[in-house]
Amino acid sequence: MAFCFMEGNEAVAWGAKAAGCRFFAGYPITPATTIYNTMLEILPPGGGICMQGEDEIASIGFCLGASMCGMKAMTATSGPGISLYSEQISFATGSEIPIVIVDVQRLGPSTGSATRGADGDIQFLRWGNSGGIPLIVLAPADVKDCYLLTFAAFNLAETCRCPVIVASNKEIGMTRENIDLSALALPEIVHRNTAPEDRPYLPFHTSGENGVPDFLPIGCHIPVRQTSSTHGPDGYITTDPEIIAATQRRLIAKVESAVEDFTCHEFMEAPQSETLILTYGVSSRSAKAAYHQLNRAGKPVSLLTLKRLWPAPENLIRSIAAPMRHIVVVEMNMGQYLREIERVLPNKRISFVGKMNGALITPDEIIEGVHRGRQLTE
Amino acid sequence: MADSLLNESRPPVFCPGCTHERIVAALDTTFQRMDIRGTEAVIVSDIGCSGLFDTFFNTHALHGLHGRALTCAAGIKMARPELHVIVTMGDGGLGIGGAHLLAACRRNLNLTLLILNNFNFGMTGGQFSATTPEDARVGSGFLNQLEKPLDVCRVAASAGAGYVYRCSAYCQNLSAILESAIRFDGFSVVDMWGICTGRYTRNNKLTPAAIDDSLARLPAAAGVVPENERPEYGFRYRQTAARLPPVTMPGGIPICCIPPASGRNEVMILGSAGQRVLTAGELLCLAGMSAGLHVTQKNDYNITVLRGPSISDLVLSDMPVDYTGTTRPSVIIAIAQEGVDRRKAIWGQLDDTALVLAAADIELPETKARVHRLDFKKMTIKPHDRALASLAVLAGHHQILSADMLNHAIEYRFHGMMRDSALALVHTAFDFYRNE
Ligand code: SF4
């Protein structure tokens, strides 16, 4: 066994390559730039395409065009760029264009601090597109996750024909770790479902039960239509309320059902614990340290690290939280996913440990938060 | 001639007298003249009345976002170079997507941009656009009187477009112009002036003859721009990429040493830009990995690359590393005042188990840690070598790093002269430490 020394952003790039990504476009932005750098190194030699857009809007636009031609595409940015992506993300959700988007979050708001981390985009990633149609957001905690979750993101995007966002963080993307990528087992690569050639093609017609339309690429043997306008199965504008309503319902249902069997979390259970630390991303690493310290000190806590944030794994959260008296939500912002947990667990006592000052939440801060929360419950 | 590509079930729905309809017909004639089949072309349309274009044709189609048609078109052309990619856009899309137009001109992908220029936003109520004349009466009150209209042909030519044509949409040879634009192997722009009967001519007098008059007064833009002729972007991309050597996943560093320490050890290197702090951090991690340790490195520096503090936070552990921060460092390497000042809070928290290797010329805050001063001047170590020399001294202490580990890291990380000089430097510093 030999470890290589790699940062999260590089692992994202290699994970994308392993998943069959053939097209990348990005615009330089700290702390996401090294994804672009790595893609530029690894895609063109094998015939893949890597481009630098004139801005973030162009970069994601390139990707959507390439994806409509059947290429697996990815783009990567940080807060300021994800803001500019917003309209194209709505296009991709409403018009069912598979794409993987990496948001290496940095301290905001706005320009914020380019070289400081945060998880400040978590609600924006879910709701920051017009129309409010769900997409999938995965949250890596370390370099290994960057590799595996980026791979998974491609499979989900292909299965479900929707944008999948990898919500990384400067503290993961630009932190280097020892890792043996070749030792990691990858699932099978998934390709989007191709429409049968022997039938007339309707670009948004769904034949299968998963509610995902079969795909044909622009450039194939039948003219293929794509549109950002409200459309029926034929890809032409429609004003029929029933068709419109059915499509909206389908767009929601297909995403929710696609992630149902995609469990993606880590649960460290301590016997007799009444407190559950619930976290995601880089903060879960501090939480792990806190978990070990508390349990060693005879103060049992359990730890749930979510790696799929949206759609929220509600059933999982409810079942793991059921026996707990007290939930401590830990995240590197001023309380964003906290809102979701409060919604999913309306009858639980929930306390919060978070900060947004460019520094990691420390294990000590989490331990203190657990004590504070316990006192509240007692 | 090939068949018409017009979609019989979706005839144009423009206002009576709208010029767009003529352009639909001319484009169809062009497709027929060029014998282009519906599966060989894609119409990428923008938003607004011109955004309806794709629906009238039986071709591939992508109707995207306002001003962004050129972005998706670029992705399509790169993915499917064999397709004819026709982008339709109004003067509205031209304004909002200005950056994309400039970039498309510079990039020179083989796209054909048809600008359906009718001097106002038809669909939203006749507001002024980037091409509205100052004396026109449009739906934006007096605001258009304050802004100068854009000469898109001059802009495109100066931005590098290889083919720029300006014409009246009423001209007799429109489909021939479209054909030559499509045939041009590079980015081509056709600026077609027309009439929006639904909005613009309600308050402004504009006739085909008046358009001809205006055009006659402008510098001609009649196709190929000789100074911008060059090979097409996609062609050059593929040609260049094909020559690149294949890339493989980075290999690993073999485990061949024994670590002097167990447990978790945090190390901080506090330096300034130009002292190769991040490289030293990397070397320490590689050294740890050569002894089978788990390692993390995160760095802290200012946006300006060549100035300011440069700090590396490192963790070496015999267990996988969870928290990647440094709150209880076992070792601090302090080689520049800026770095020390940036991390003022840490010094009070150190106890005497912590080892500090500090340059002789910097001031340290009060600390209980053991401080080993390094007189780099006496050691004849240059400022940019301080970090690496400190690692050699750290190896001398043999607490968390051994000389063996450090040598392996250097052998792995550097090659040729770089390696030799790094090894020599480490040797000098190590000897100095021994003889101290
Ligand atoms: S509003 Fe103007 S551009 Fe639009 S269809 Fe009517 S005449 Fe044509």
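So, how was this worked out
Residues numbered from 1 in each chain as written. Chains lettered and ligands numbered in written order. Predicted model: local features only at pLDDT ≥ 70, side-chain atom pairs only at ≥ 80, totals over all residues. Heavy atoms only, no water. Axes fitted to C-alpha atoms, helices over the stretch in contact; angles between N-to-C directions. Helix = DSSP H or I, 4+ residues; strand = E, 2+ residues; numbered from the N terminus. Parallel < 35°, antiparallel > 145°, perpendicular 65-115°, else oblique. Left-handed = near helix turned anticlockwise from the far one by under 90°. Contact = heavy atoms within 4.5 Å. Nonpolar A, V, L, I, M, F, W, Y, C, P; charged D, E, K, R; others polar. Buried area = accessible area lost by both parts, 1.4 Å probe. Salt bridge = Lys/Arg side-chain N within 4 Å of Asp/Glu carboxyl O. Polar contact = N/O pair within 3.5 Å; in protein donor to acceptor, adjacent residues only side chain to side chain. Domains from an automatic or database assignment. Near = heavy atom within 4 Å. Buried < 20%, exposed > 50% of the residue type's maximum accessible area, 1.4 Å probe, protein only.

**Some points on the packing of helix H1 (residues 8–18) of chain A against helix H2 (residues 33–42) of chain A**
All names here are of chain A. For the pair H1 and H2, interaxial distance at closest approach is 8 Å and the crossing angle is 40°. On the basis of their axis angle, the class for H1 and H2 is oblique. The element H1 and its partner H2 pack so that their crossing is right-handed. Together, Asn9, Glu10, Val12, Ala13, Trp14, Ala16 and Lys17 of H1 and Thr34, Ile35, Thr38, Met39 and Ile42 of H2 make up the contact between the two elements. Residues of the contact of H1 with H2, tallied by class, amount to 7 nonpolar, 3 polar and 2 charged.

**Some points on the interface of chain B and chain A**
As a measure of interface size, the accessible area lost when the parts come together is often cited. Each partner contributes to the interface: chain B provides 67 residues, whereas chain A provides 69 residues. For the pair chain B and chain A, the summed buried surface comes to about 5400 Å²; carbon and sulfur atoms form 60% of the total. Broken down residue by residue, the surface that chain B buries against chain A is led by Leu65(B), Met249(B) and Tyr323(B), which jointly contribute 11%. Our count for the chain B to chain A interface comes out at 7 salt bridges. For Asp364(A), the salt bridge goes to Arg328(B), with nearest N and O atoms at 2.9 Å. The tally of links from chain B across to chain A stands at 32 residue pairs in polar contact (both at pLDDT 80 or more). The set of elements that each furnish at least two residues to the side of chain B that touches chain A consists of strand S2 (60–63), helix H2 (69–79), helix H4 (98–107), helix H9 (233–242), helix H10 (277–290) and strand S9 (294–301) of chain B. If one sorts the elements of the side of chain B that touches chain A by residue count, S9(B) sits on top with 8 residues. For the side of chain B that touches chain A, a count of residues per class yields 33 nonpolar, 23 polar and 11 charged.

**Section: the domain arrangement of chain A**
Residues and elements named next belong to chain A. Looking at the assigned domains, one finds that chain A contains domain 1 (1–262) and domain 2 (266–377). Relative to domain 2, the C-alpha centre of domain 1 lies at a distance of 28 Å. Between domain 1 and domain 2, the contact holds 30 residues from the first and 22 residues from the second. Counting the surface lost from both domain 1 and domain 2, the interface buries some 2100 Å², and carbon and sulfur atoms represent 59% of this. Notably, a salt bridge pairs Lys307 with Asp145, separated by 2.8 Å at the nearest N-O pair. For the interface between domain 1 and domain 2, the tally reads 14 residue pairs in polar contact (both at pLDDT 80 or more). Those elements that provide at least two residues to the side of domain 1 that touches domain 2 are strand S6 (113–117), helix H5 (122–127), strand S7 (136–138), helix H6 (143–160), helix H7 (170–173) and helix H8 (241–260). Here the side of domain 1 that touches domain 2 takes 4 residues from H5, the largest share from any one element. Counted by class, the side of domain 1 that touches domain 2 contains 16 nonpolar, 5 polar and 9 charged residues.

**Examining the site of the ligand**
Looking at the ligand, the residues that line it are Phe14(B), Cys15(B), Cys18(B), His20(B), Cys49(B), Asn118(B), Gly122(B), Cys196(B), Thr197(B) and Gly198(B). Grouping the amino acids of the shell around the ligand by side-chain chemistry returns 5 nonpolar, 5 polar and no charged.

**Re the pattern of salt bridges**
Tallied over the entire structure, the rule returns 33 salt bridges over all chains. For the salt bridge of Glu177(A) with Arg285(A), the shortest nitrogen-to-oxygen distance reads 2.9 Å. A residue pair is termed long-range when its members are at least 10 positions apart, and Glu177(A) in strand S9 (residues 176–179) and Arg285(A) in helix H9 (residues 283–296) qualify at 108 residues. Note on accessibility: Glu177(A) and Arg285(A) belong to one class, buried. Arg37(B) is the partner of Glu40(B) in a salt bridge, and the nearest nitrogen-oxygen pair spans 3.0 Å.

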